[in-house]
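# Observations on chain architecture
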Amino acid sequence: AAVASENARMHQALLQRQRMESDLAFARSIQLSFLPQESPKIPGFCFETHYQAALEVGGDFYDFIPLDERRLGILIGDVSGKGVSSALYMAKLTSDFRLLAIRHRSPAELVARVNDLLSERSCHGMFVTLCYFVLNVSDGSYSYVNAGHIPPFRWSSRDANRAVRLMREGGGPPTGVLPGMRYEVGHGSLAPGDRLLLTTDGLTEAMN
């Protein structure tokens, strides 16, 4: 009787774990649907992306936001923590960010507004680091704000040493910590052959 009871308990635990794994797999497919399904096709520019969550779902995100015929918004960020809570927070944030990006032309004003919204509804101390670029595809100029995120990396085709430079200009604190924060804007331009790398801490924390 004891063996039968233990077998029944283990079977129930196995079924419960299988249901949880199925739910997480479904949640992952939903989360991936919030991310861009393909990279922008813009003459003169090449965009490549890679996304791999540490768990089934996570808080990392990125997006391409067409603003008008000349400007493209490029967003990357990371919600504090991991798992389902971060994924839900990320889904809400990306939706709100897209809507606000159309209304605010200045990256600094946009990130400040996002920060105020997240601070109002912050729960369990969650916050978001993000980096937002506005790229002018007509001449390669850009402006950007870094809200506590890993600085972008830049390779310049005009640098004979092919050195990698960290872009530390436009900055401010992570969003969702304190309301009323202000952010500085960085500016620059891309020449043919220049490259930018935007990443989350998943790259720097990778064991391999």
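As the structure is a computational prediction, the values presented were derived from the model and not from experiment.

## Some details on the overall build of the protein chain
- When its secondary structure is counted, the protein chain shows four helices and nine strands.
- N-terminal to C-terminal, the α/β element order of the protein chain is α-β-β-α-α-β-β-β-β-β-β-β-α.
- Counting all 208 residues of the protein chain, 41% fall into the buried class.
- Here the contacts in the protein chain between residues at least 6 apart in sequence split such that 68% fall between residues at least 24 apart.
- When the accessible surface of the protein chain is split by element, carbon and sulfur atoms take 56% of a total near 12300 Å².

## Examining the packing of aromatic side chains
- As enumerated under the stated definition, the model contains eight aromatic pairs in all.
- On the numbers, 6.4 Å between centres and 45° between planes, the contact of Tyr51 with Tyr62 is tilted. On the criterion of sequence distance, the pair formed by Tyr51 in the loop between α1 (2–34) and β1 (60–66) and Tyr62 in strand β1 is long-range, its members being 11 residues apart. The exposure classification of Tyr51 matches that of Tyr62, with both residues buried.
- In this structure an aromatic cluster arises from ring pairing among Phe45, Phe47, Tyr51, Tyr62 and Phe64.

## Observations regarding helix α3 (residues 107–120)
- The first and last C-alpha atoms of α3 sit 20 Å apart over 14 residues, in line with the 20 Å expected at 1.5 Å per residue.
- Counted residue by residue, α3 has 11 buried out of 14 residues, so it is predominantly covered.
- Turning to α3, its buried residues are Pro107, Ala108, Leu110, Val111, Ala112, Val114, Asn115, Asp116, Leu117, Leu118 and Ser119.
- Elements that come into contact with the buried residues of α3 comprise α2 (84–103), β3 (128–136) and β4 (141–147).

## Focus: the pattern of salt bridges
- If you walk through the whole model with that rule in mind, you get six salt bridges.
- Arg165 serves as the salt-bridge partner of Glu169, at 3.3 Å between the closest nitrogen and oxygen.
- Taking the relative accessible area as the measure of exposure, Glu169 reaches 39% and is therefore partly exposed.
- A cluster of three or more residues bridged by salt bridges with shared partners is formed by Arg154, Arg158 and Asp194.

## Brief notes about α2
- Its 20 residues give α2 an end-to-end C-alpha distance of 30 Å, which sits within 8% of 28 Å, the value for a rise of 1.5 Å per residue.
- Every buried residue of α2 is accounted for by Ser86, Ala87, Tyr89, Met90, Ala91, Leu93, Thr94, Asp96, Phe97, Leu100 and Ala101.

## Notes on the packing of α2 against α3
- Axis separation between α2 and α3 bottoms out at 11 Å; the angle between their running directions is 140°. When the axes of α2 and α3 are compared, the pair comes out oblique. The hand of the α2/α3 crossing is right-handed. For the pair α2 and α3, the contacting residues are Tyr89, Leu93, Phe97, Leu100 and Ala101 in the first and Leu110, Arg113, Val114, Leu117 and Leu118 in the second.
- Class assignment for the residues of the contact of α2 with α3 results in nine nonpolar, no polar and one charged.

## Quick look at the sheet that holds strand β9 (residues 195–197)
- One open sheet accounts for three strands, arranged β6-β5-β9; its pairing is antiparallel. Two strands lie at the open edges of the sheet, namely β6 (164–166) and β9, each paired on one side alone. The average angle at which neighbouring strand axes cross in this sheet is 25°, direction not considered.

## Description of the nonpolar core
- In this structure, Phe61, Phe97, Val128, Leu130 and Tyr132 are the most contacted members of the largest nonpolar core, which totals 43 residues.
- When residues of this core are traced back to their parent elements, those giving at least two are β1, β2 (71–79), α2, α3, β3 and β4.

Criteria and thresholds
- Sequence order as written defines the numbering, with residues in each chain counted from 1.
- Totals for whole chains, interfaces and linings use all residues, but because this is a predicted model, local features are given only for residues with pLDDT of at least 70 and pairs of side-chain atoms are given and counted only at 80 or more.
- Just so you know, side-chain values use all the structure's heavy atoms and leave hydrogens and water out.
- Going along the chain from the N terminus, every DSSP run of H or I of four or more residues is numbered as a helix, and every run of E of two or more is numbered as a strand.
- Only protein chains enter the accessibility calculation, which uses a 1.4 Å probe. A residue is then buried if its area is under 20% of the maximum for its type, exposed if over 50%, and partly exposed in between.
- Two residues qualify as a contact provided that any one of their heavy atoms is within 4.5 Å of a heavy atom in the partner residue.
- Values of accessible area rely on a 1.4 Å probe in the Shrake-Rupley scheme; residue burial ignores everything except the protein chains shown.
- Think of it this way: a Phe, Tyr or Trp ring, Trp meaning its six-membered ring, pairs with another when their centres are within 6.5 Å, and the plane angle makes it stacked under 30 degrees, edge-to-face over 60, tilted otherwise.
- A helix's residues, less one, multiplied by 1.5 Å, set its expected span.
- Salt bridge, as applied in this entry: a Lys or Arg side-chain nitrogen positioned within 4 Å of an Asp or Glu carboxyl oxygen.
- Only the stretch in contact is used when a helix axis is fitted, and all axes are lines through C-alpha atoms; the angle between N-to-C directions ranges over 0 to 180 degrees.
- Roughly parallel covers angles under 35 degrees, roughly antiparallel covers those over 145, roughly perpendicular covers 65 to 115, and oblique covers all other angles.
- Crossing handedness is read from the near helix: turned anticlockwise from the far helix by less than a right angle, it gives a left-handed crossing, and turned clockwise, a right-handed one.
- Throughout, the ten residues Ala, Val, Leu, Ile, Met, Phe, Trp, Tyr, Cys and Pro are labelled nonpolar, Asp, Glu, Lys and Arg are labelled charged, and all others, Gly among them, are labelled polar.
- Two strands qualify as a pair provided that DSSP identifies no fewer than 2 bridges between them.
- Joining through side-chain atoms within 4.5 Å is the link that ties buried Ala, Val, Leu, Ile, Met, Phe, Trp, Tyr and Cys residues into a set, and such a set is a nonpolar core.

Geometric descriptors of this kind do not, in isolation, establish any biological role.
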